[in-house]
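# Residue-level structure breakdown
Chain residues, written in single-letter form:
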Amino acid sequence: MDTPIADFVRRCAASGAARLHMPGHKGKPFLGCETLDITEISGADALYEAKGIIAQSERNAAALFGSGQTLFSTEGSSQCIRAMLYLALTCRPAGTAPVVVAARNVHKAFVYAAALLDLEVVWLWPEGGGSSICGCPVSSETLEETLAGLPAPPAAVYLTSPDYLGGMADIAVLAEVCRRRGTVLAVDNAHGAYLHFLRPAIHPLDLGADICCDSAHKTLPVLTGGAYLQIGQNAPAGFRKNARAALALFGSTSPSYLTLASLDLCNRYLAEGYPARLAETAARLEDVRTRLAAAGWQAEPSDPLRLTLLAPEGLTGTILAERLRQNGVECEYADGEYLVLMATPENAPEDLKRILAALGENRAPAAEPPALPLARGERVLSIRQALFAPQETVSAEQALGRVCGAPAVSCPPAIPAAVSGERIGREALELFRHYGIENVDVLI
């Protein structure tokens, strides 16, 4: 597969032309990659008015993913989330409401987008109460009941899948509910760009979602910030017509060509034997899960490239993370209960063997995760009203009864324990303590 962006920046680097244009490093190697770091010079195309090499590379990506349209982002899935919600709001058909029904385990980028767009949000809460801020499993029955109870179909239903622990929603079933109820399904698939290349494919678009974001940099060999806005074949026509303008509304006019070139090169990577390499890696990781289970460890259900362990009694995920670190392994995430590791085909088999060697045998039973329900704070103001109101920062313990300003998060996983406009109750305080949130922004 051709790589028009990468080829162009390499030609620029080799040309020896005097760079009387931005960036200010002029191609000199302060870091080492500057010769490939350019701006929108002649022939380089422009990300938000793409008609040349960028548009060609995006068409290549769309063909690989089987999407109706794939557009590049150099500002991660956060930019794509804002664009998705903008499209859902502005392209909604007559008779639908400017409301988004969303599973509560959203990334804080969703909350910021809701504030910018003045969206009304109806929350879906996890089945059975949940035991982690990261998870929010939603059944088709709950979604059906929620949608049936609204006076009009919402602009969109919004899910996060895979979530930060690797939990995956039943996208196919939930997409059918959305179709039947006259709304679209948008998915934060930041952690699952690779899912289309499994056999069978389980990417949200393959399962019936209308639009989603993929953080290419999380699971594919792409520089940090590289992401895709993916639009399904059967999505409303306005999504494809307005998608580039939606990204431009929220994006910098100085996109990174280093990141664009890495997205471009990823097309060739995906086209040349990636499904087979992916299958091999998923099989190796499944073997690690099996071996850990035999050694007494409890692995939680997750997407195929993630290993999520529940800490045994007497230990925590953060203690396990330190044990791994001392043995040359850095994890993705750890908290009081869970340890999360993410693998790709770029991890050698020896990397996975280090996990087994570091953890060894476990004779203690898995700890029971504490019952930590997500905080259902009383809504006092809209998200927009609260986020743009005067605020002050107080200690978490002093926040009881105050109205949340900026969403209160620990990062990672950047999932709000309290959302802007909600009155902070005792459930929120428990979450603050558990996830180490020491200070909270509240309205004055």
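As the structure is a prediction and not an experimental result, all values here were calculated from the model.

Reading the values: rules and limits
Along each chain, numbering runs from 1 in the same order as the chain's sequence is written. Local features in this predicted model are restricted to residues whose pLDDT is 70 or higher, and side-chain atom pairs enter the listing and the counts only when it is 80 or higher, whereas totals over whole chains, interfaces and linings include all residues. The side-chain numbers reported here are obtained from all heavy atoms of the structure, hydrogens and water having been left aside. Under the DSSP-based scheme used, a helix requires at least four consecutive residues in state H or I and a strand at least two consecutive residues in state E, with every element numbered from the N terminus. We call a residue buried when its accessible area falls under 20% of the maximum for its residue type, exposed when it is over 50%, and partly exposed in between, using a 1.4 Å probe and counting protein chains only. Residue-level accessible areas treat just the shown protein chains as cover; the underlying method is Shrake-Rupley with a 1.4 Å probe. Only four residue types enter the tally: Lys and Arg on the positive side, Asp and Glu on the negative side; His and the chain ends are excluded. A charge is said to be at NZ when it belongs to Lys, at CZ for Arg, at CG for Asp and at CD for Glu. Any N or O atom pair separated by 3.5 Å or less is treated as a polar contact, with the protein-specific requirement of one donor-capable and one acceptor-capable atom, and with residues adjacent in sequence counted only for side-chain atom pairs. Note on definitions: a residue-residue contact is assigned when non-hydrogen atoms from the two residues lie within 4.5 Å. Strands are labelled as partners when DSSP assigns at least two bridges between them. Axis definition: a line fitted to C-alpha atoms, over the contacting stretch in the case of helices. Angles run 0 to 180 degrees between N-to-C directions. Residue types Ala, Val, Leu, Ile, Met, Phe, Trp, Tyr and Cys, when buried and joined through side-chain atoms within 4.5 Å, form a set referred to as a nonpolar core. Each angle receives one of four descriptions, namely roughly parallel if under 35 degrees, roughly antiparallel if over 145, roughly perpendicular if within 65 to 115, and oblique otherwise. Crossings are classed by handedness, with left-handed meaning an anticlockwise turn of the near helix from the far one by less than a right angle and right-handed meaning a clockwise turn. Under the scheme applied here, ten amino acids are nonpolar (Ala, Val, Leu, Ile, Met, Phe, Trp, Tyr, Cys and Pro), four are charged (Asp, Glu, Lys and Arg), and all others, including Gly, are polar. The way it works is a 1 Å grid over only the protein atoms, where trapped points that fit a 1.4 Å probe form a cavity and open points with protein on both sides within 12 Å along at least five of seven lines form a pocket, and then any residue with an atom within 4 Å of a point lines it. Grid points are joined across faces, edges and corners, and a volume is the space filled by probe spheres set on the points. One speaks of a salt bridge when a side-chain nitrogen belonging to Lys or Arg is within 4 Å of a carboxyl oxygen belonging to Asp or Glu.

When you go through the chain residue by residue, the secondary structure sums to 14 helices and 13 strands. By principal-axis analysis of the C-alpha atoms, the chain measures approximately 60 × 55 × 45 Å. Across the 444 residues that make up the chain, the buried fraction comes to 54%. As displayed, the chain has an accessible area near 18,300 Å², and 53% of this comes from carbon and sulfur atoms. Mean positive and mean negative side-chain charge positions of the chain (37 and 48 charges, respectively) differ by 5 Å.

This brings us to the side chain of His25. If you trace the backbone, His25 turns up in the loop between α1 (4–15) and α2 (53–65). Within the structure, His25 has its side chain in polar contact with the side chain of Asp37 (distance 2.8 Å). Those residues in contact with His25 that sit more than four places away from it in its chain are Arg19, Phe30, Glu34 and Asp37.

This part covers the environment of Pro312. By the secondary structure assignment, Pro312 is in the loop between β9 (306–310) and α11 (317–326). Assessed through its relative accessible area of 1%, Pro312 is described here as buried. Leave out the neighbours within four places in its chain, and Pro312 touches Trp297, Leu320, Asn362, Ala364, Pro365, Ala366 and Ala367.

Let's shift gears to the sheet that holds strand β10 (residues 333–334). A sheet is described by the order of its strands in space; here four strands give the open sequence β8-β9-β11-β10, paired in antiparallel fashion. Looking at the sheet topology across the chains shown, the edges are occupied by β8 (298–299) and β10. Bridge analysis of β9 against strand β11 (residues 338–342) gives five bridges, and the strand direction is antiparallel. Counted as the bridge partner of Leu310 is Tyr338 from β11. Strands in contact with α11 are β10 and β11; relative to β11, the strand with the most contacts, it is inclined by about 45°.

Attention now moves to the nonpolar core. Counting 108 residues, the largest nonpolar core has Phe110, Tyr158, Leu220, Tyr228, Leu270, Ile424 and Phe432 as its most contacted members. With eight residues, helix α3 (residues 76–90) is the largest single contributor of residues to this core. Apart from residues no more than four positions distant in its own chain, Leu220 is found in contact with Ala193, Tyr194, Tyr228, Cys266, Leu270 and Tyr274.

A few words now on the packing of helix α5 (residues 140–148) against helix α6 (residues 171–180). Two quantities define a packed helix pair, namely the angle between the axes and the distance from one axis to the other. Where α5 contacts α6, the two axes come as close as 9 Å, and the packing angle between them is 20°. As the angle between them shows, α5 and α6 are arranged roughly parallel. At the point where α5 passes α6, the crossing takes the right-handed sense. Contacts between α5 and α6 involve Ser140, Leu143, Glu144 and Leu147 from the first element and Val173, Leu174, Val177, Cys178 and Arg180 from the second. Here the residues of the contact of α5 with α6 are counted per class, giving six nonpolar, one polar and two charged.

This part is about the layout of surface pockets. Of the pockets and cavities examined, the largest pocket occupies roughly 480 Å³. Taken together, 25 residues make up the lining of the largest pocket; nearest its centre are Gly135, Cys136, Pro137, Asp163 and Gly167. Per-class residue counts for the lining of the largest pocket are 11 nonpolar, 10 polar and four charged. Taken as a whole, the second largest pocket spans an internal volume of roughly 300 Å³. Elements supplying a minimum of two residues to the lining of the second largest pocket: α3 and α7 (216–219). For the lining of the second largest pocket, the element with the highest residue contribution is α3, accounting for four residues. Taken together, the residues that form the lining of the second largest pocket break down as nine nonpolar, nine polar and four charged.

To continue, consider the sheet that holds strand β1 (residues 69–73). With respect to topology, seven strands assemble into an open sheet ordered β1-β7-β6-β5-β4-β2-β3, the strand pairing being mixed. Each edge of the open sheet carries a strand with a single partner, namely β1 and β3 (120–124). When the angles between neighbouring strand axes are averaged without regard to direction, this sheet yields 20°. Pairing geometry for strand β2 (residues 97–103) and strand β4 (residues 154–160), over four bridges, is parallel. Its bridge partner lying in β4, Val100 is registered against Ala156. Helix-sheet contacts for α6 involve β4 and β5 (184–188), and the interaxial angle to β5 is about 145°. Along the sheet, helix α8 (residues 237–250) makes contact with β1, β5, β6 (211–214) and β7 (227–231), crossing β1 at roughly 0°.

The subject of this paragraph is the pattern of salt bridges. Any two side chains of opposite charge can pair, on the condition that their charged atoms come close. Across all of its chains, the model carries 17 salt bridges by this definition. Here Arg289 and Glu286 are joined by a salt bridge, their closest N and O atoms 2.8 Å apart. With Arg289 and Glu286 both in helix α10 (residues 274–294), this residue pair falls three residues apart, about one helical turn. Judged by relative accessible area, which is 11%, Arg289 ranks as buried. Residue Glu430 pairs with Arg433 through a salt bridge whose shortest N-O separation is 2.3 Å. A residue pair is termed a helical-turn pair when its members lie 3 or 4 positions apart in one helix, as Glu430 and Arg433 do in helix α14 (residues 426–434) at three residues. With relative accessibility at 45%, the residue Arg433 sits in the partly exposed group. It is possible to trace a salt-bridge network through shared partners that takes in Glu144, Glu176, Arg179, Arg180 and Arg181.

As far as function goes, none of this settles anything; it's purely spatial.
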